[in-house]
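Now for the letters of each chain:
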Amino acid sequence: MTNPTGDVAERAAEGFTKQYGGKATGRWAAPGRVNLIGEHTDYNEGFVLPFALPLRTVVAADRQDGDQWTVWSELSGETITFGADDIAEPGRVTGWGAYVAGVVWALREAGHPVPGARMAIASDVPLGSGLSSSAALESAVLAALLDLGGLELSPELQPRLAQRAENVYVGAPTGIMDQSAVIRCRAGHALFLDCRDESVEQIPFDLDAAGLAVLVIDSRAPHRHADGEYAARRRSCEAGASALGVTALRDVGVDQLDAALAQLDDEETRRRVRHVVTEDQRVLDTVALLRAARVRDIGPLLTASHVSMRDDFEITVPEIDTAVEAALAAGALGARMTGGGFGGCVLALVEADRADEVAAAVTAAYAERGFTAPGTLTVVPAPGATRLP
Ligand code: GAF
């Protein structure tokens, strides 16, 4: 995971001064996330358990007069400007700017008087790695605009607004997990989110106390048709729920699974349903273990989740499966792909003093198969979106 050097908050502040002169009014940060367990369950109104990463996107910003938004991004080196006409309807601002414009659009659509603003954005969250760089960007921009405009929107309501920017303005049919994680996570905890009513419980996830580490492995696999396949999985789940006569697959308990599967004619739909129903149960089981501080014991659930994503939901790719297999062979207690799939990252739960060894084993397995070398990083649960001092 290669990043520009230097502190990300300083880079955003310096970028602001270089682009616009003067000092920003403030800096707002939002993290990337990994999902410990609970994949493709969010849009099935089920359960997820993400935690925030110590990698962040930072927006340095001040107000400007009128309905005008000017945004510089360190990553692209570009400055874009858009006005009220450009956000009258989705689709006019494209590329990375669409995530920023989408937030302004969603705030205005919800009736908030959004102030004009100048923003400078820097980020340590790698793009396209399944670590929610989009939700981090949306949420940092949202935090900045709320503060600059003195607007009231509780942290419980912010994720839906940021999700709307992504679903409607950007046009990606994602669920509620990523924005919830980025906004509502707390340091040292995983966020147990019920995606039906959006209630949360902060679950202590103290890796240090257990002598463990979470190793995040960036597969560096090119995303293969990720958007189309994600939408296709969503459609399969909806078809499954409708065939079973339930509002969402969340309504099928694991004890009713066999009976439910027997009602479905289509083998592919059966596999998709089985993944979602068993994955919801794995989240509940993981939460129960973490509540009892049995961190080490969640390993097999993580690995079972991976197998389910590989065989039933069919969203893994060879680089991802190789990373999981190599990590387990090198002694990881559990490993799974995290995020939407078709590339992205793997997380492995490892003994803290064996993290380097496991990372080296994955790198060696990649070299053997001729894959681009993976990125590796150990992470701890970090705080959600916030204004920086
Ligand atoms: C992506 C989506 F944005 C989330 O909403 C979620 O569905 C995830 O894939 C899969 O669990 O990150």
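Residues numbered from 1 in each chain as written. Predicted model: local features only at pLDDT ≥ 70, side-chain atom pairs only at ≥ 80, totals over all residues.

Let us look at the overall build of the protein. Helix and strand content of the protein: 12 helices and 13 strands. Taking 21 Å as the expected radius of gyration for a compact globule of 389 residues, we find that the protein reaches 21 Å, a close match to that expectation. The C-alpha extent of the protein, read off along each of the three principal axes, is 60 × 50 × 40 Å. The long-range share in the protein, meaning contacts at least 24 apart out of those at least 6 apart in sequence, stands at 71%. (Helix = DSSP H or I, 4+ residues; strand = E, 2+ residues; numbered from the N terminus. Rg over C-alpha atoms; globule rule 2.2 N^0.38 Å. Contact = placed C-beta atoms within 7 Å.)

Bringing the site of the ligand into the picture now. For the ligand, the full set of nearby residues is Asn35, Glu39, His40, Asp42, Tyr43, Thr174, Gly175, Met177, Asp178, Gly339 and Gly340. Residue composition of the shell around the ligand, grouped by class: two nonpolar, six polar and three charged. (Near = placed C-beta within 6 Å. Nonpolar A, V, L, I, M, F, W, Y, C, P; charged D, E, K, R; others polar.)

Within this numbering scheme, the UniProt entry marks Arg33 as carrying the feature "site: Transition state stabilizer" (unreviewed entry). Relative to the helices and strands, Arg33 resides in strand β1 (residues 26–35). A residue is classified by how many C-beta atoms lie within 10 Å of it, and Arg33, with 32 of them, is buried. Beyond its immediate stretch of four places on either side in the chain, Arg33 contacts Pro50, Phe51, Ala52, Leu53, Leu131, Ser132, Asp178, Ala181, Val182 and Cys185. (UniProt positions renumbered as here; feature names shortened; annotations may be inferred. Buried ≥ 20, exposed ≤ 12 C-beta atoms within 10 Å, placed from the backbone.)

With antiparallel pairing, the four strands of this open sheet are ordered in space as β10-β11-β9-β12. Edge strands, defined here as strands with exactly one partner in the open sheet, are β10 (334–338) and β12 (375–379). In this sheet, adjacent strand axes meet at a mean angle of 25 degrees when their direction is disregarded. Here strand β9 (residues 212–218) pairs with strand β11 (residues 345–351) via seven bridges, running antiparallel. The partner of Val214 across the bridge, within β11, is Leu349. Across the face of the sheet, helix α10 (residues 299–313) comes into contact with β10 and β11 while running at roughly 45 degrees to β10. Against the sheet, helix α12 (residues 355–369) engages β9, β11 and β12, with an angle of about 25 degrees to β9. (Pairing = 2+ DSSP bridges. Axes fitted to C-alpha atoms, helices over the stretch in contact; angles between N-to-C directions.)

Non-glycine residue Glu45 carries a positive phi angle of around 60 degrees. Given 20 C-beta atoms within a 10 Å radius, Glu45 is considered buried. Backbone geometry at Phe342 places phi at a positive 60 degrees, although glycine is not the residue there. Its location among the elements puts Phe342 in the loop between β10 and β11. Owing to 23 C-beta atoms within 10 Å, Phe342 belongs among the buried residues under this scheme.

A separate point is the sheet that holds strand β3 (residues 50–63). Reading across the sheet, the six strands line up as β5-β4-β6-β3-β1-β13 and stay open at both edges, with mixed pairing between neighbours. Each of the sheet's edge strands pairs with one partner strand only, and the pair in question is β5 (79–83) and β13 (386–388). Strand-to-strand twist of the sheet, defined as the mean angle between neighbouring strand axes without regard to direction, takes the value 30 degrees. Relative to β3, β1 runs antiparallel, the two sharing nine bridges. Residue pairing in the sheet places Ala30 in a bridge with Thr57 of β3. Across the sheet, helix α1 (residues 8–20) lies against β1, β3, β4 (68–73), β5, β6 (117–123) and β13, angled at about 140 degrees from β6, the strand it touches most. Across the sheet, helix α3 (residues 133–149) lies against β1, β3, β6 and β13, angled at about 150 degrees from β1, the strand it touches most.

Another point: the nonpolar core. Counting 117 residues, the largest nonpolar core has Val59, Ala140, Ala144, Leu145, Ala327, Val346 and Ala348 as the members making the most contacts within it. Counting residues per element, this core draws most heavily on α3, which supplies 11 residues. The residues touching Leu145, leaving out its near neighbours within four places in the chain, are Val103, Val104, Leu107, Val114, Pro115 and Ala117. (Core = buried A, V, L, I, M, F, W, Y, C linked by C-beta atoms within 7 Å.)

Where α3 meets helix α5 (residues 177–184), the closest approach of the two axes is 9 Å, and the angle between their N-to-C directions is 55 degrees. Classed by the angle they form, the pair α3 and α5 counts as oblique. In terms of crossing hand, the pair formed by α3 and α5 is right-handed. Taken together, the residues of α5 that come into contact with α3 (itself represented by Ala135, Ala136, Glu138 and Ser139) are Asp178, Gln179, Val182 and Ile183. Its residues assigned to classes, the contact of α3 with α5 shows four nonpolar, two polar and two charged. (Parallel < 35°, antiparallel > 145°, perpendicular 65-115°, else oblique. Left-handed = near helix turned anticlockwise from the far one by under 90°.)

Attention now moves to the UniProt feature "binding site: substrate" (unreviewed entry) in the protein. According to UniProt, the "binding site: substrate" (unreviewed entry) feature falls on Glu39, His40, Thr41, Asp42 and Tyr230. Considering the C-alpha atoms alone, the annotated residues occupy 192 residues of sequence yet fold into one spot, their largest mutual distance being 12.5 Å. With respect to the helices and strands, the residue Glu39 is situated in the loop between β1 and β2 (47–48). Given 25 C-beta atoms within a 10 Å radius, Glu39 is considered buried. If sequence neighbours within four positions are ignored, Glu39 has contacts with Glu279, Ser305 and Met309. Note on placement: Asp42 falls in the loop between β1 and β2. Residue Asp42 is classed as buried on the basis of its C-beta count, with 23 C-beta atoms lying within 10 Å. If we ignore the near neighbours within four places in the chain, the residues touching Asp42 are Val48, Gly175, Ile176, Met177 and Cys195.

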